[in-house]
Amino acid sequence: MNHPALSEQFVTRLFRSRKWLRRYGLELTRTSLGMHLWMLFKELDIDIVIDVGARHGEYGLWLRRNGYDGWIHSFEPVAESFRALTVRSATDDRWIVHPMALGSQGGQSDINVAEGSVFSSFLEPNAYASETFGSSPEVVATETVQVGTLDEVFEGLRSEEHTSELQSLRHL
(Lines give C-alpha, C1' and ligand atoms only; values in the text may rest on other atoms or scores of the structure.)
Protein backbone atom coordinates (compact mmCIF):
# COMPACT_ATOMS: atom_id res chain seq x y z
CA MET A 1 0.00 0.00 0.00
CA ASN A 2 2.02 2.94 -1.27
CA HIS A 3 -0.77 5.49 -1.13
CA PRO A 4 -0.70 7.48 2.16
CA ALA A 5 -4.50 7.36 2.50
CA LEU A 6 -4.31 3.55 2.58
CA SER A 7 -2.01 3.34 5.56
CA GLU A 8 -2.58 0.60 8.11
CA GLN A 9 -3.91 3.19 10.58
CA PHE A 10 -6.42 4.50 8.03
CA VAL A 11 -7.63 1.01 7.12
CA THR A 12 -8.04 0.15 10.83
CA ARG A 13 -10.12 3.29 11.41
CA LEU A 14 -12.20 2.55 8.32
CA PHE A 15 -13.08 -0.95 9.49
CA ARG A 16 -13.92 0.30 13.00
CA SER A 17 -16.20 2.91 11.41
CA ARG A 18 -17.90 0.25 9.29
CA LYS A 19 -18.51 -1.87 12.39
CA TRP A 20 -20.02 1.12 14.25
CA LEU A 21 -22.23 2.07 11.28
CA ARG A 22 -23.56 -1.51 10.96
CA ARG A 23 -24.97 -1.27 14.49
CA TYR A 24 -27.30 1.40 13.09
CA GLY A 25 -28.19 -0.50 9.94
CA LEU A 26 -25.82 1.40 7.65
CA GLU A 27 -23.20 -0.03 5.33
CA LEU A 28 -20.03 1.69 4.12
CA THR A 29 -18.89 0.37 0.76
CA ARG A 30 -16.27 1.20 -1.85
CA THR A 31 -18.84 1.98 -4.50
CA SER A 32 -21.68 4.42 -4.46
CA LEU A 33 -24.21 2.05 -6.06
CA GLY A 34 -26.22 1.80 -2.84
CA MET A 35 -26.38 5.57 -2.48
CA HIS A 36 -27.23 5.98 -6.15
CA LEU A 37 -30.15 3.52 -5.92
CA TRP A 38 -31.36 5.05 -2.66
CA MET A 39 -31.42 8.52 -4.28
CA LEU A 40 -33.05 7.13 -7.45
CA PHE A 41 -35.74 5.31 -5.47
CA LYS A 42 -36.50 8.48 -3.49
CA GLU A 43 -36.55 10.68 -6.61
CA LEU A 44 -38.87 8.32 -8.51
CA ASP A 45 -40.95 7.48 -5.42
CA ILE A 46 -40.22 3.76 -5.80
CA ASP A 47 -41.62 1.84 -2.87
CA ILE A 48 -41.73 -1.70 -4.28
CA VAL A 49 -38.87 -3.82 -5.55
CA ILE A 50 -39.54 -7.09 -7.35
CA ASP A 51 -36.62 -9.47 -6.81
CA VAL A 52 -36.83 -12.33 -9.32
CA GLY A 53 -34.62 -15.36 -8.71
CA ALA A 54 -34.00 -14.13 -5.18
CA ARG A 55 -31.96 -17.17 -4.14
CA HIS A 56 -31.14 -16.64 -0.43
CA GLY A 57 -32.22 -12.99 -0.32
CA GLU A 58 -28.83 -11.40 -0.87
CA TYR A 59 -30.29 -8.51 -2.90
CA GLY A 60 -33.09 -7.82 -0.43
CA LEU A 61 -30.59 -7.74 2.42
CA TRP A 62 -28.31 -5.46 0.39
CA LEU A 63 -31.24 -3.11 -0.24
CA ARG A 64 -32.01 -2.91 3.48
CA ARG A 65 -28.36 -2.30 4.36
CA ASN A 66 -28.35 0.57 1.88
CA GLY A 67 -31.37 2.36 3.36
CA TYR A 68 -34.29 1.05 1.29
CA ASP A 69 -37.35 0.68 3.54
CA GLY A 70 -40.08 0.02 0.97
CA TRP A 71 -41.73 -3.25 0.02
CA ILE A 72 -39.69 -6.13 -1.37
CA HIS A 73 -41.38 -9.00 -3.20
CA SER A 74 -38.88 -11.83 -3.68
CA PHE A 75 -39.58 -14.76 -6.01
CA GLU A 76 -37.58 -17.97 -5.65
CA PRO A 77 -38.72 -21.32 -7.08
CA VAL A 78 -35.95 -23.67 -5.83
CA ALA A 79 -37.11 -25.24 -2.53
CA GLU A 80 -33.78 -25.16 -0.66
CA SER A 81 -33.08 -21.56 -1.68
CA PHE A 82 -36.64 -20.57 -0.76
CA ARG A 83 -36.18 -21.97 2.75
CA ALA A 84 -33.05 -19.83 3.23
CA LEU A 85 -34.88 -16.80 1.79
CA THR A 86 -37.78 -17.34 4.20
CA VAL A 87 -35.42 -17.38 7.18
CA ARG A 88 -33.61 -14.25 6.01
CA SER A 89 -36.82 -12.26 5.45
CA ALA A 90 -38.76 -13.55 8.50
CA THR A 91 -38.30 -10.49 10.71
CA ASP A 92 -39.08 -7.94 7.99
CA ASP A 93 -42.80 -7.13 7.70
CA ARG A 94 -42.29 -5.36 4.37
CA TRP A 95 -40.46 -8.25 2.69
CA ILE A 96 -42.84 -10.76 1.10
CA VAL A 97 -41.45 -14.00 -0.34
CA HIS A 98 -43.13 -16.12 -3.01
CA PRO A 99 -42.20 -19.79 -3.68
CA MET A 100 -42.39 -19.48 -7.44
CA ALA A 101 -40.69 -18.31 -10.62
CA LEU A 102 -41.97 -15.51 -12.84
CA GLY A 103 -42.37 -16.01 -16.56
CA SER A 104 -44.37 -15.01 -19.61
CA GLN A 105 -46.87 -17.84 -18.98
CA GLY A 106 -48.14 -19.37 -15.77
CA GLY A 107 -48.07 -23.07 -15.02
CA GLN A 108 -45.44 -25.53 -13.91
CA SER A 109 -41.99 -26.17 -15.30
CA ASP A 110 -38.91 -28.23 -14.46
CA ILE A 111 -35.92 -26.25 -13.18
CA ASN A 112 -32.36 -27.57 -13.16
CA VAL A 113 -30.94 -27.21 -9.66
CA ALA A 114 -27.20 -26.65 -9.90
CA GLU A 115 -24.60 -27.57 -7.29
CA GLY A 116 -23.91 -23.87 -6.82
CA SER A 117 -27.50 -22.66 -6.50
CA VAL A 118 -26.62 -19.40 -8.23
CA PHE A 119 -26.55 -21.40 -11.50
CA SER A 120 -29.99 -23.02 -11.15
CA SER A 121 -31.98 -22.39 -14.32
CA PHE A 122 -34.76 -23.54 -16.61
CA LEU A 123 -32.07 -23.71 -19.30
CA GLU A 124 -29.56 -26.52 -19.68
CA PRO A 125 -25.91 -25.68 -18.92
CA ASN A 126 -24.08 -24.86 -22.14
CA ALA A 127 -20.64 -24.15 -23.59
CA TYR A 128 -20.87 -20.47 -22.62
CA ALA A 129 -20.94 -21.44 -18.93
CA SER A 130 -17.86 -23.60 -19.37
CA GLU A 131 -15.99 -20.85 -21.24
CA THR A 132 -16.96 -18.14 -18.77
CA PHE A 133 -16.65 -19.98 -15.45
CA GLY A 134 -14.10 -22.67 -16.30
CA SER A 135 -16.54 -25.54 -16.04
CA SER A 136 -20.19 -26.17 -16.66
CA PRO A 137 -22.39 -25.96 -13.55
CA GLU A 138 -23.30 -29.46 -12.43
CA VAL A 139 -27.03 -30.11 -12.31
CA VAL A 140 -27.68 -32.13 -9.14
CA ALA A 141 -31.48 -32.27 -9.26
CA THR A 142 -34.56 -31.24 -11.17
CA GLU A 143 -37.58 -29.74 -9.41
CA THR A 144 -41.03 -29.10 -10.79
CA VAL A 145 -41.88 -25.55 -9.77
CA GLN A 146 -44.77 -23.14 -10.02
CA VAL A 147 -44.39 -20.35 -12.59
CA GLY A 148 -46.56 -17.24 -12.39
CA THR A 149 -46.88 -14.05 -14.36
CA LEU A 150 -46.70 -10.46 -13.13
CA ASP A 151 -50.39 -10.12 -14.03
CA GLU A 152 -51.16 -12.98 -11.61
CA VAL A 153 -49.06 -11.27 -8.94
CA PHE A 154 -50.99 -8.01 -9.46
CA GLU A 155 -54.27 -9.92 -9.16
CA GLY A 156 -53.03 -11.56 -5.94
CA LEU A 157 -52.17 -8.20 -4.47
CA ARG A 158 -55.58 -6.89 -5.47
CA SER A 159 -57.30 -9.78 -3.68
CA GLU A 160 -55.10 -9.34 -0.58
CA GLU A 161 -55.99 -5.63 -0.46
CA HIS A 162 -52.44 -4.31 -0.75
CA THR A 163 -53.84 -1.16 -2.29
CA SER A 164 -50.79 1.08 -1.85
CA GLU A 165 -48.56 -1.62 -3.35
CA LEU A 166 -50.96 -2.18 -6.23
CA GLN A 167 -51.08 1.53 -7.06
CA SER A 168 -47.29 1.61 -7.19
CA LEU A 169 -47.13 -1.51 -9.38
CA ARG A 170 -49.60 -0.04 -11.87
CA HIS A 171 -46.94 2.55 -12.77
CA LEU A 172 -44.57 -0.17 -14.06
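Residues numbered from 1 in each chain as written. Predicted model: local features only at pLDDT ≥ 70, side-chain atom pairs only at ≥ 80, totals over all residues. Heavy atoms only, no water.

(A) Representation of the overall build of the chain. Looking only at helices and strands, one finds 7 helices and 6 strands in the chain. Overall, the chain shows an N-to-C arrangement of helices and strands of α-α-β-α-β-α-β-β-β-α-β-α-α. Each of the 172 residues in the chain was classed as buried or not, and the buried ones make up 30%. Long-range contacts, defined here as pairs at least 24 residues apart, represent 57% of the contacts in the chain between residues at least 6 apart. Working note: accessible area of the chain is about 11800 Å², and carbon and sulfur atoms make up 54% of it. (Helix = DSSP H or I, 4+ residues; strand = E, 2+ residues; numbered from the N terminus. Buried < 20%, exposed > 50% of the residue type's maximum accessible area, 1.4 Å probe, protein only. Contact = heavy atoms within 4.5 Å. Areas by Shrake-Rupley, 256 points an atom, 1.4 Å probe, with all protein chains shown as cover.)

(B) Local environment of the confidence of the model for the chain. Per-residue confidence for the chain averages 81 on the pLDDT scale, and 79% of its residues sit at or above 70. Confidence drops under a pLDDT of 50 for residues 1–6, and excluding neighbours within four residues, the segment shows 6 contacts in the predicted structure. (pLDDT = per-residue confidence, 0-100.)

(C) Summary view of the pairing of strand 3 (residues 95–98). Where strand 2 (residues 71–75) and strand 3 come together, 4 bridges link them in parallel fashion. The residue of strand 3 that forms the bridge with Phe75 is His98. The β-α-β motif built from strand 2, the intervening helix 4 (residues 79–89) and the parallel element strand 3 has right-handed crossover chirality. (Pairing = 2+ DSSP bridges. Right-handed = clockwise from strand over helix to strand, strands pointing away.)

(D) Molecular detail of the sheet that holds strand 2. Pairing in this open sheet of 3 strands is parallel, and the strands run 1-2-3 from one edge to the other. The outermost strands of the open sheet, each flanked by one partner alone, are strand 1 (48–52) and strand 3. In this sheet, neighbouring strand axes are inclined to one another by 15 degrees on average, regardless of whether the strands run parallel or antiparallel. Along the sheet, helix 3 (residues 58–65) contacts strand 1, strand 2 and strand 3; its crossing angle with strand 1, the most-contacted strand, is approximately 150 degrees. (Axes fitted to C-alpha atoms, helices over the stretch in contact; angles between N-to-C directions.)

(E) Quick peek at the pairing of strand 1. Summarising the sheet, strand 1 and strand 2 pair through 5 bridges and their orientation is parallel. The partner of Val49 across the bridge, within strand 2, is Ile72. With helix 3 bridging strand 1 and its parallel neighbour strand 2, the resulting β-α-β unit is right-handed.

(F) Seen up close, the layout of surface pockets. Looking at the largest pocket, its volume works out to about 250 Å³. The wall of the largest pocket is formed by 20 residues, among which Gly53, Ala54, Glu76, Pro77 and Ser120 lie closest to the centre. Sorting the residues of the lining of the largest pocket by element identifies strand 1, helix 3 and strand 4 (101–102) as the ones contributing at least two each. Of the residues in the lining of the largest pocket, the class split is 11 nonpolar, 5 polar and 4 charged. (1 Å grid on protein atoms, 1.4 Å probe; cavity = no way out; pocket = protein on both sides within 12 Å on 5 of 7 lines; lining within 4 Å. Points joined across faces, edges and corners; volume = space filled by probe spheres on them. Nonpolar A, V, L, I, M, F, W, Y, C, P; charged D, E, K, R; others polar.)

(G) Fine view of the packing of helix 2 (residues 33–43) against helix 3. As a packed pair, helix 2 and helix 3 sit with axes 10 Å apart at the nearest point and diverge in direction by 80 degrees. As summarised for this structure, helix 2 and helix 3 are arranged roughly perpendicular, according to the angle between their axes. In contact with Leu33, Gly34, Leu37 and Phe41 of helix 2, helix 3 contributes Tyr59, Trp62 and Leu63. Classifying every residue of the contact of helix 2 with helix 3 gives 6 nonpolar, 1 polar and no charged. (Parallel < 35°, antiparallel > 145°, perpendicular 65-115°, else oblique.)

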